[in-house]
Amino acid sequence: NDVMNEKYDRKSKSLGKKRSKSFIQTFAKSLKTTDIWRFKHPDQQQYTWRKIFKNQDVVASRIDMWLLDQGMCKDIYSCDMRLAVRSDHLAVSLKD
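These numbers were taken from a predicted model, which means no experiment stands behind them.

Can you walk me through the packing of aromatic side chains in this structure?
Think of a pair of aromatic rings as described by two things: how far the centres are apart, and how the planes are tilted against each other in angle. Following the criterion strictly, the structure yields one aromatic pair and no others. Pairing phenylalanine 23 with phenylalanine 27 gives two aromatic rings, centres 5.9 Å apart and planes at 20 degrees, and the pair type is stacked. Taken together, the residues span about one helical turn, with phenylalanine 23 and phenylalanine 27 both in helix H2 (residues 23–30) at a distance of four residues.

Hey, could you run me through the nonpolar core in this one?
General note: in soluble globular proteins, nonpolar side chains tend to be found buried as a group. Listed in full, the eight residues of the largest apolar core are Ile36, Trp37, Leu68, Cys73, Ile76, Cys79, Met81 and Val92. When residues of this core are traced back to their parent elements, those giving at least two are helix H3 (36–40) and strand S6 (78–82). When neighbours within four sequence positions are excluded, cysteine 79 is seen to be in contact with Ile36, Trp37, Lys40, His41, Val92, Ser93 and Leu94.

Help me understand the pattern of salt bridges in this model?
When the charged atoms of two side chains with opposite charge come close together, those side chains can pair. In total, this model carries five salt bridges according to the counting rule given. Across the pair aspartate 35 and arginine 62 runs a salt bridge whose closest N-O atoms are separated by 2.4 Å. Placement of the pair is aspartate 35 in strand S2 (residues 33–35) and arginine 62 in the loop between strand S4 (58–61) and strand S5 (67–69), with a sequence separation of 27 residues. With respect to burial, aspartate 35 and arginine 62 carry one shared label: buried. The shortest N-O distance in the salt bridge between lysine 74 and aspartate 75 comes to 3.9 Å. When its relative accessible area of 67% is taken as the criterion, lysine 74 is described as exposed. Each of Asp9, Asp35, Arg38 and Arg62 takes part in salt bridges that share partners, so that together they form one network.

Cut-offs and rules
Residues numbered from 1 in each chain as written. Predicted model: local features only at pLDDT ≥ 70, side-chain atom pairs only at ≥ 80, totals over all residues. Heavy atoms only, no water. Phe/Tyr/Trp six-rings, centres within 6.5 Å; stacked < 30°, edge-to-face > 60°. Helix = DSSP H or I, 4+ residues; strand = E, 2+ residues; numbered from the N terminus. Core = buried A, V, L, I, M, F, W, Y, C linked by side-chain atoms within 4.5 Å. Buried < 20%, exposed > 50% of the residue type's maximum accessible area, 1.4 Å probe, protein only. Contact = heavy atoms within 4.5 Å. Salt bridge = Lys/Arg side-chain N within 4 Å of Asp/Glu carboxyl O.

Below, the structure is given as structure tokens:
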């Protein structure tokens, strides 16, 4: 479960070893794509998945994303997270 940016896209008391670049960053760059949610919300911390443990510790990640061709980003009006039916993840929705 990789994230684009450990600082903004993952929440945990014990994040473990941080990598300099994630696989998804390298993959997105090689295809010349952009994480549209991060493009629209550059400093916001919001997560598509989370788990709350019995001791109230929370682990959360933004692991669900749309990678769009860089030229398409200007055409997207909004990108939001919404509840999804029968899923433990939030859905990422786009509106052009």
